[in-house]
Amino acid sequence: VAIKTMIDITETNVKDFRSEILLTAILRHPNIVNFVGACWGRELTCMVLEWVSKGSLSDFLETDATVSSSIGGSVGEHTLYWNDPLLRLTIDIARGMNYLHTRSYYDEQNEEI
């Protein structure tokens, strides 16, 4: 599992973290990280999430080359084909984002999603 905690505890951050917990708890999709549970107390406030062994999307995007806008384009020194794992990743991301955008509870202001 992965554990997300609050570092900077302010009233606004507590409200935002609570909202994130409530939203994450109701999301169910194969391309969205699963919510496992939460702990809310004076000494520890955290959210427990499914572990993603290859890291976050943010980490991936920061360390890897940017994908060309056209299929069959290049990614650094790599040509992207239909059976390419990088293309599969892109399609999975699109499916997860489509799921989020078609739900009435989606908050477009939330940059974490």
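Criteria and cut-off values
- Residues numbered from 1 in each chain as written.
- Predicted model: local features only at pLDDT ≥ 70, side-chain atom pairs only at ≥ 80, totals over all residues.
- Heavy atoms only, no water.
- Helix = DSSP H or I, 4+ residues; strand = E, 2+ residues; numbered from the N terminus.
- Buried < 20%, exposed > 50% of the residue type's maximum accessible area, 1.4 Å probe, protein only.
- Contact = heavy atoms within 4.5 Å.
- Areas by Shrake-Rupley, 256 points an atom, 1.4 Å probe, with all protein chains shown as cover.
- Salt bridge = Lys/Arg side-chain N within 4 Å of Asp/Glu carboxyl O.
- Phe/Tyr/Trp six-rings, centres within 6.5 Å; stacked < 30°, edge-to-face > 60°.

## So, the overall build of the protein
Link 1 in the chain: The secondary structure content of the protein amounts to 3 helices and 5 strands.
Link 2 in the chain: Its helices and strands taken in sequence order, the protein reads β-α-β-β-α-β-β-α from the N to the C terminus.
Link 3 in the chain: For the protein, with 113 residues in total, the buried portion stands at 25%.
Link 4 in the chain: Restricting to contacts in the protein with at least 6 residues of sequence separation, those with at least 24 account for 45%.
Link 5 in the chain: Taken as a whole, the protein presents about 8,600 Å² of accessible surface, with 53% of it coming from carbon and sulfur.

## Some points on the pattern of salt bridges
Link 1 in the chain: Tallied over the entire structure, the rule returns 4 salt bridges.
Link 2 in the chain: K15 is paired through a salt bridge with E11; the nearest N and O atoms lie 3.4 Å apart. With a gap of 4 residues between them, K15 and E11 both fall in helix 1 (residues 11–26), about one helical turn apart.
Link 3 in the chain: D92 is the salt-bridge partner of R95, the closest N and O atoms lying 3.7 Å from each other. With R95 and D92 both in helix 3 (residues 85–101) and 3 residues apart, the pair spans about one turn of that helix.
Link 4 in the chain: We classify R95 as partly exposed; its relative accessible area is 42%.

## Quick look at the packing of aromatic side chains
Link 1 in the chain: Inspection of every chain in the model, using the stated rule, returns 1 aromatic pair.
Link 2 in the chain: Measuring from centroid to centroid gives 6.4 Å for F17 and W40, while their planes differ by 25°, and the two rings are stacked. With F17 in helix 1 and W40 in strand 2 (residues 35–40), this residue pair connects regions lying 23 residues apart in the sequence.

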